[in-house]
Amino acid sequence: MSIETPVDQPESPTNRPDSTHRMKEWFSRDYVRKIIAIFIVLTIIIIPIAWLVIHFLELSGGPASSIMEELETTIFVFTLVSAPLMAITAAVLVYSLFGWGSIKSEEPPMQENPAIRTNAVAVIGWTVATSLLAAFLVIWGLVELATITADSYGSTPSSQQPNATKPIDVNVTGQQWVWTFEYPDQQKIQSNVLVVPINTPIYFNVTSKDVIHSFWVVEMGVKIDANPGAVTNTGFTANKLGTFNIRCAELCGLHHAYMETNVQVVTQDQFDSWVREQGGKRTV
């Protein structure tokens, strides 16, 4: 007598809708439409912040170098790109506080939340969107980093810089709580105010006599540490006449906030006159 075993039968099709249908059903929900509406409003509000940030950056007269122009462009673009991400995050937060937070009923929701992790449309869409955004930010960042490094002359000595115009060397010394600028090629004249000619590369050798400071030429977009016993290098080419700010960006002691001075960008003739007045020699 043989015992017959049941033959496996194919599973009957389920009534589970496909991913596209579930996405449409999800978007048709009342709370989703409200979150999307809040998202659109917040995006429209946040985008003008990009121009507002640039406005505040330029209140002191900048940008005064190609480096600062590149930095402002990057801040502007990144603010625009991040606006939708900030808006959708804030939209969910706002609706969580004032939408779902206002529900007083103890009845459970009538609709089940869709399982996004198993929804192919949602998973592929989110993965592609975030990958494209990350790739854009990385590529933009690398290009800007290379451009700014070239414009600030990196760590290559001024005598080896590939500039048509010979850079002017300036030795910068920070000490609590003043900056001193020495011009080695102009008979080592010294000043507490940085004076540079327009459209001429300036190459800085930065150090400190006591603690760590940070040499920050605000409107030029240049900032580098001033370390005792070591020399760091940076530079810029000013492309705008005027007086701009130099500050210490490293907390260096009790009067750190007062460790500031100015950089005066002048014409070549004015710079030569200033050098002679300080006892130096003509630079051309």
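None of these values were measured; they are calculated from a predicted model.

Chemist: Mind laying out the pattern of salt bridges, listing which residues take part and the relevant values?
Modeler: Tallied over the entire structure, the rule returns three salt bridges. The salt bridge involving R33 is made with D30; its shortest N-O contact spans 3.8 Å. Taken together, the residues R33 and D30, both in helix α2 (residues 30-46) and three residues apart, mark about one turn of the helix. For R33, a relative accessible area of 44% translates into the label partly exposed.

Chemist: Lay out the nonpolar core with the relevant residues and their values.
Modeler: Y183, F215, M220 and F236 are the most contacted members of the largest nonpolar core, which totals 35 residues. Beyond its immediate chain neighbours, meaning those up to four positions away, Y183 contacts I168, D169, V170, K188, I189, V193, L194, V195, F271 and W274. In terms of nonpolar packing, the next biggest core, distinct from the first, is built from nine residues, L42, I46, A87 and A91 among them.

Chemist: Could you give an account of the environment of F39, with specific residues and numbers?
Modeler: Considering the arrangement of structural elements, one finds F39 in helix α2. Among the residues examined, F39 registers a relative accessible area of 23% and is labelled partly exposed. When the C-alpha atoms of F39 and T89 are compared, they prove to be 8.3 Å apart, with 50 residues separating the residues in sequence. Not counting residues within four places of it along the chain, the set of residues in contact with F39 comprises P84, A87, I88 and A91.

Chemist: Give me the lowdown on the environment of W140, citing residues and values where you can.
Modeler: Here W140 shows up in helix α5 (residues 120-151). Judged by relative accessible area, W140 falls into the partly exposed class, the value being 23%. As a C-alpha pair, W140 and T74 span 66 residues in sequence and 8.1 Å in three-dimensional space. Those residues within four positions of W140 in sequence are excluded, and the remaining contacts are T73, T74, V77 and F78. There is a polar contact of 3.2 Å between the side chain of W140 and the side chain of T74.

Chemist: Describe the layout of surface pockets, and please don't skip the residues or the numbers.
Modeler: Of the volumes computed, that of the second largest pocket is approximately 380 Å³. Around the second largest pocket, the lining is made up of 21 residues, and of these L71, W216, G221, V222 and K223 lie nearest the centre. Residues belonging to the lining of the second largest pocket are distributed by class as follows: 10 nonpolar, seven polar and four charged.

Chemist: So, the pairing of strand β9 (residues 242-248): which residues are in play, and what are the values?
Modeler: Side-chain positions along a regular strand alternate between the two faces of the sheet. Sheet topology note: the strand β6 (residues 213-217)/β9 ladder contains three bridges and is antiparallel. Across the sheet, residue V217 finds its bridge partner in β9, namely I246. Pairing of β9 with strand β10 (residues 260-266) involves six bridges; the strand directions are antiparallel. From the neighbouring strand, F244 faces β10, where its bridge partner is V263.

Cut-off values and rules
- Residues numbered from 1 in each chain as written.
- Predicted model: local features only at pLDDT ≥ 70, side-chain atom pairs only at ≥ 80, totals over all residues.
- Heavy atoms only, no water.
- Salt bridge = Lys/Arg side-chain N within 4 Å of Asp/Glu carboxyl O.
- Helix = DSSP H or I, 4+ residues; strand = E, 2+ residues; numbered from the N terminus.
- Buried < 20%, exposed > 50% of the residue type's maximum accessible area, 1.4 Å probe, protein only.
- Core = buried A, V, L, I, M, F, W, Y, C linked by side-chain atoms within 4.5 Å.
- Contact = heavy atoms within 4.5 Å.
- Polar contact = N/O pair within 3.5 Å; in protein donor to acceptor, adjacent residues only side chain to side chain.
- 1 Å grid on protein atoms, 1.4 Å probe; cavity = no way out; pocket = protein on both sides within 12 Å on 5 of 7 lines; lining within 4 Å.
- Points joined across faces, edges and corners; volume = space filled by probe spheres on them.
- Nonpolar A, V, L, I, M, F, W, Y, C, P; charged D, E, K, R; others polar.
- Pairing = 2+ DSSP bridges.

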